[in-house]
Amino acid sequence: MLLVVVLLISSLLGAVAVNPLDTLKIIWGKIVGVQFSDQSLETIVWEIRLPRVLLAIVLGGMLSLSGLILQSTLKNPLCDPYIMGTSSGAALGAAIAIVLGGSLGVSPLAFLGALLVIFIVYLFARIEGAINPDILLLSGISIGFLSSAVLTLIVLLHPGRLKSIYFWMLGGLNFATWDQLFVCSIFLFVGIIFVLFFARKLNVLILGDEVAQSLGVDVNRVRIIMLVIASLLTAQAVSVAGIIAFVGLIVPHIVKKIVGINHRYTIVLTILFGGLLLLVSDTLAKIIIANTEIPVGIITAFIGTPFFLFLLRRKKTLIRNYEHNAQGF
Amino acid sequence: MRKIHILIFVVLAAFSTAAWGGTIDRIISITPSNSEILFALGLKEKIIAVTDHCNYPKEALLKTKIGGVKLLYEKIVRLKPDLIIGLYDAQKRDIDQLRKYGLNVLSVNPHTIKELEEAILIIGKATDRVEQAQKINKNIEATIDKYIKEKSKNSPLVFVLINEKPLLTAGKKTFINDLINIAGANNLGAELTGSYPAISVEKLISANPDYIIIPSFENEQYQGFLKDSRLKNIKAIKNKKILFINADIISRPGPRIVKVLEQIYKYIWEK
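Each residue is numbered by its place in its chain's sequence as written, counting from 1. Throughout, the order in which chains and ligands are written sets their labels, letters from A for the former and numbers from 1 for the latter. Selection of residues for local features in this predicted model requires a pLDDT of at least 70, selection of side-chain atom pairs for listing and counting requires 80 or more, and totals for whole chains, interfaces and linings are taken over all residues. Heavy atoms from the whole structure form the basis of all side-chain values; hydrogens and water molecules are not counted.

(A) Representation of the sheet that holds strand β4 (residues 83-87) of chain B in the model. All names here are of chain B. For two strands to pair, DSSP has to find at least two bridges joining them. By the criteria applied, helices consist of DSSP H or I runs no shorter than four residues and strands consist of E runs no shorter than two, each listed in order from the N terminus. Ordered in space as β3-β2-β1-β4-β5, the 5 strands form an open sheet in which the pairing is parallel. Only two strands of the sheet have a single neighbouring strand rather than two, namely β3 (64-65) and β5 (105-108). The sheet contact formed by β4 and β5 spans 4 bridges and is parallel. What sits directly across from Ile85, in β5, is Leu106. Residue contacts are defined here by distance: any two heavy atoms, one from each residue, within 4.5 Å place the two residues in contact. In this description, a line fitted to the C-alpha atoms serves as the axis of each element, helices being fitted only across the stretch in contact, and the angle between N-to-C directions of two axes falls anywhere from 0 to 180 degrees. Helix α2 (residues 32-40) rests against β1 (27-29), β2 (47-50), β4 and β5 of the sheet, and its axis sits at about 130° to β4. Lying over the sheet, helix α4 (residues 88-100) contacts β4 and β5, oriented at roughly 150° with respect to β4.

Pasting the structure below:
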């Protein structure tokens, strides 16, 4: 509900003032196929603003869901979507596309870079057919460092592109289009289906590998499937909007603090809350300084940190159903 | 490769303006260099907006602003431009995005003086200012003719300081390299790989340049570099042959860039 209200408000805000009535007319007109009298306003509302606010929600959901999956499957509260070197891999791909220029798309190469890094990390972490979470995290971090080093080398050889590469890494939603929204929505939808399907098993996984094993859960299989889902979500998100820090790390924690860790509820709430946080942040990023747009990551950190710290100090969950968790699966 | 790029741009430029039909009356520049070219073409009245960074000529400061590093797409669309001019290498994503909104975007991508002249002509053609463009190019060529010097065995060696920490210089495919060569000097950075390569202190000392050129913005002192005790025996520093040039001018492929040639030539040969 809150999300819908914020969505409506966000659709009305931007660098150009469009009055609410016109906004509604344009959207209605697009649906029933009537052209609005002022074409530039139509483009602003329909081609720029709407895809962007919707993409903010979807991306926020993707990153948060990916963070939640990783924290649960790897049983490490510090996991964020980029923990396995995804961001460095994507940044490297993007930098190569930016430096080579021409027809090479930045997004596709970022996506490939992210997937390549994750794949290498998996190869290292796979020991006798099982994924070892510790090795996965450590090799993720070290491969991440390696790709950062290559990235630095590229930047040093092409300082002229430094600005483009830097701003790509800061992330942002200003390149939002309907096509991207469509692709991202499919990723998120498929992700949700899979995670909901495995929700019960994820709950068990938190209790420890042995317990899960004894309850008949194929720990390794669940882990691999979940990691693949999380990686695909992150790779797609990062290729569209660069590196948006923080959302994927804190949203799952915030939600767990509020409702506990039964994955059936947490998944839905994490996605909604992640979408809300990114939408609010992106809207503020557009309007907080007149005639300037600031990177959205700055805002997510400013809003997220105080709220997160406040929750960390509270001992109990806001809504008490944490205790039912063990019986809930 | 670059030649092909230019060719593509010429074709694209011709195509996009042809497709547009009618006259061009509302131009937005999304790059400082292109703003300078547009003003030089005498399009003062037709430029409706520029970026936050466009500070030359002074009139540019009075124009509506459409953002800086991040362009405000909503504002650009609202201003209903019939032509937007950008710089391809630096703004590929912005250009693609603006085209998705159905806007008429022309992009240029010069890396040398010759390519700059082509770019000015392309913009001139798109805005119906061909004569003016040819005039600007004639001026550029006249300045070059005036300050060109044949190189000899004794041509001085110039080091361009782009950045102190890390130490960066200007390599082959840069305007400053072009200008140094036209002025009859050698650019130390030209031997290195890349357009703005890193250089070691050892290399700098052993090359022992006669002149140091520093593109700088206002109030930049570079005291750390100039007072570095390791460098005190370099000819340029010992003899105080340090030339500061306007970083805005040299970093923007615009009509003013040959002014730097005059500055370099006079500093080396007339002082």
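(B) Representation of empty space enclosed by the protein within the structure. Detection works on a 1 Å grid of protein atoms alone, calling trapped sets that fit a 1.4 Å probe cavities and calling open sets with protein on both sides within 12 Å along at least five of seven lines pockets, with lining residues defined by an atom within 4 Å of a point. Grid points are joined across faces, edges and corners, and a volume is the space filled by probe spheres set on the points. As enumerated under the stated definition, the model contains 4 cavities of 30 Å³ or more in all. A:Ala15, A:Ile48, A:Arg52, A:Lys286, A:Glu293, B:Leu71, B:Leu72, B:Tyr73 and B:Glu74 are the residues that line the largest cavity. Taken together, the elements giving at least two residues each to the lining of the largest cavity come down to α3 (39-73) of chain A together with α3 (73-78) of chain B. Each residue belonging to the lining of the largest cavity can be placed in one class, and the counts come to 5 nonpolar, no polar and 4 charged. Classification convention: Asp, Glu, Lys, Arg as charged; Ala, Val, Leu, Ile, Met, Phe, Trp, Tyr, Cys, Pro as nonpolar; all other residues, Gly among them, as polar.

(C) Summary view of the packing of helix α9 (residues 199-206) of chain A against helix α11 (residues 219-241) of chain A. All names here are of chain A. Taken N-terminus to C-terminus, the directions of α9 and α11 make an angle of 115°; their axes are 11 Å apart at the nearest point. By the angle class used here, α9 and α11 are roughly perpendicular. When the axes of α9 and α11 are compared, the crossing they make is left-handed. In contact with Lys201, Leu202 and Leu205 of α9, α11 contributes Val219, Val222, Arg223 and Met226. Counted by class, the contact of α9 with α11 contains 5 nonpolar, no polar and 2 charged residues. For classification purposes, angles smaller than 35 degrees are called roughly parallel, those larger than 145 roughly antiparallel, those between 65 and 115 roughly perpendicular, and all remaining angles oblique. We call a crossing left-handed when the near helix sits turned anticlockwise from the far one by less than a right angle, and right-handed when that turn is clockwise.

(D) Here's a closer look at the sheet that holds strand β7 (residues 186-187) of chain B. Residues and elements named next belong to chain B. On the basis of which strands lie adjacent, the open sheet formed by 4 strands has the order β7-β6-β8-β9 and parallel pairing. Lying at the two open borders of the sheet, with one neighbouring strand each, are β7 and β9 (242-246). Sheet strands touched by helix α12 (residues 257-269): β6 (157-160), β8 (211-216) and β9. Its angle to β9, the strand with the most contacts, is close to 165°.

(E) Inspection of the nonpolar core at higher detail. Residue and element names in this part refer to chain A. Throughout this description, the term nonpolar core refers to a set of buried Ala, Val, Leu, Ile, Met, Phe, Trp, Tyr and Cys residues connected via side-chain atoms within 4.5 Å. Burial status follows relative accessibility: with a 1.4 Å probe on protein chains alone, a residue under 20% of its type maximum counts as buried, one over 50% as exposed, and anything between as partly exposed. Counting residues in hydrophobic clusters, the biggest one holds 93 residues, and the most contacted among them are Leu59, Leu65, Leu136 and Trp168. For this core, the leading source of residues is α3, giving 14 residues. Leave out the neighbours within four places in its chain, and Leu59 touches Leu173, Cys184, Ala237, Val240, Ala241 and Leu278.

(F) Focus on the pattern of salt bridges. All names here are of chain B. Salt bridge criterion: a side-chain nitrogen from Lys or Arg within 4 Å of a carboxyl oxygen from Asp or Glu. Under the defined criterion, the tally for this structure stands at 18 salt bridges over all chains. Among the salt bridges present, the one from Arg252 reaches Asp248, with a minimum N-O distance of 3.5 Å. Of the two residues examined, Arg252 and Asp248, each falls in the buried class. If you follow the salt bridges from partner to partner, you end up with Glu36, Asp248, Arg252 and Arg256 in one network.

(G) A look at the pairing of β4(B). Counting buried positions along β4(B) yields 5 of 5 residues, so the element is predominantly enclosed. Where burial is concerned, the two faces of β4(B) agree: the one with B:Leu83, B:Ile85 and B:Leu87 and the one with B:Ile84 and B:Gly86 are both buried.

(H) Layout of helix α12 (residues 247-259) of chain A. Residues and elements named next belong to chain A. A helix is expected to span 1.5 Å multiplied by its residue count minus one. Between its first and last C-alpha atoms α12 spans 18 Å; for 13 residues at 1.5 Å apiece the expected length is 18 Å, and the two agree. The buried fraction of α12 is high, at 10 of 13 residues. Within α12, burial applies to Val247, Gly248, Ile250, Val251, Pro252, His253, Ile254, Val255, Lys256 and Val259. Those residues of α12 that are buried lie in contact with α3, α13 (263-287) and α14 (296-313). Where α12 terminates, the next one or two residues include Gly260, which has phi positive at roughly 90°.

(I) Structural detail: the packing of aromatic side chains. In this scheme Phe, Tyr and Trp rings, the latter by its six-membered ring, pair at centre separations within 6.5 Å, and the angle between planes marks the pair as stacked below 30 degrees, edge-to-face above 60, and tilted otherwise. Per the stated rule, a full pass over the model turns up 9 aromatic pairs over all chains. On the basis of an interplanar angle of 85° and a centroid distance of 6.1 Å, the ring pair of A:Phe111 and A:Phe187 is categorised as edge-to-face. Of the two residues, A:Phe111 is situated in helix α5 (residues 106-125) and A:Phe187 in helix α8 (residues 178-197); the sequence distance between them amounts to 76 residues. A:Phe111 sits in the buried class, given a relative accessible area of 19%. Here A:Phe187 falls in the partly exposed class, since its relative accessible area comes to 23%. Ring pairing ties together the aromatic residues A:Phe175, B:Tyr73 and B:Tyr101, which thus form one cluster. Whether a charge sits over a ring comes down to the Lys NZ or Arg CZ being within 6 Å of the ring centre and within 35 degrees of the ring normal. Across the ring face of B:Trp269, the terminal group of B:Lys149 is positioned such that the distance to the ring centre comes to 4.4 Å. Against the face of B:Tyr56 rests B:Arg256, its NZ or CZ located 3.5 Å from the ring centre.

(J) Geometry of the environment of A:Gln213. Within the element layout of this structure, A:Gln213 appears in helix α10 (residues 209-214). C-alpha of A:Gln213 to C-alpha of A:Leu146: the two residues are 67 residues apart in sequence and 35 Å apart in space.

(K) Representation of the confidence of the model for chain A. Residue and element names in this part refer to chain A. Mean pLDDT for chain A: 84, with 94% of residues reaching 70 or above. Element-level mean pLDDT values for chain A span from 39 in helix α15 (residues 325-328) up to 93 in α8. Residue-level confidence of the predictor, termed pLDDT, takes values from 0 up to 100. Contacts from residues 320-329, a stretch scored under 50 in pLDDT, to residues over four places away or in other chains number 18 contacts.

(L) The arrangement of the pairing of β5(B) in detail. What you see with β5(B) is no split at all: B:Val105 and B:Ser107 on one side and B:Leu106 and B:Val108 on the other are buried throughout. In this fold, the crossover linking β4(B) to β5(B) by way of α4(B) has right-handed handedness. Seen with its strands pointing away from the viewer, a crossover is right-handed when the path leading from the first strand over the helix to the second is clockwise.

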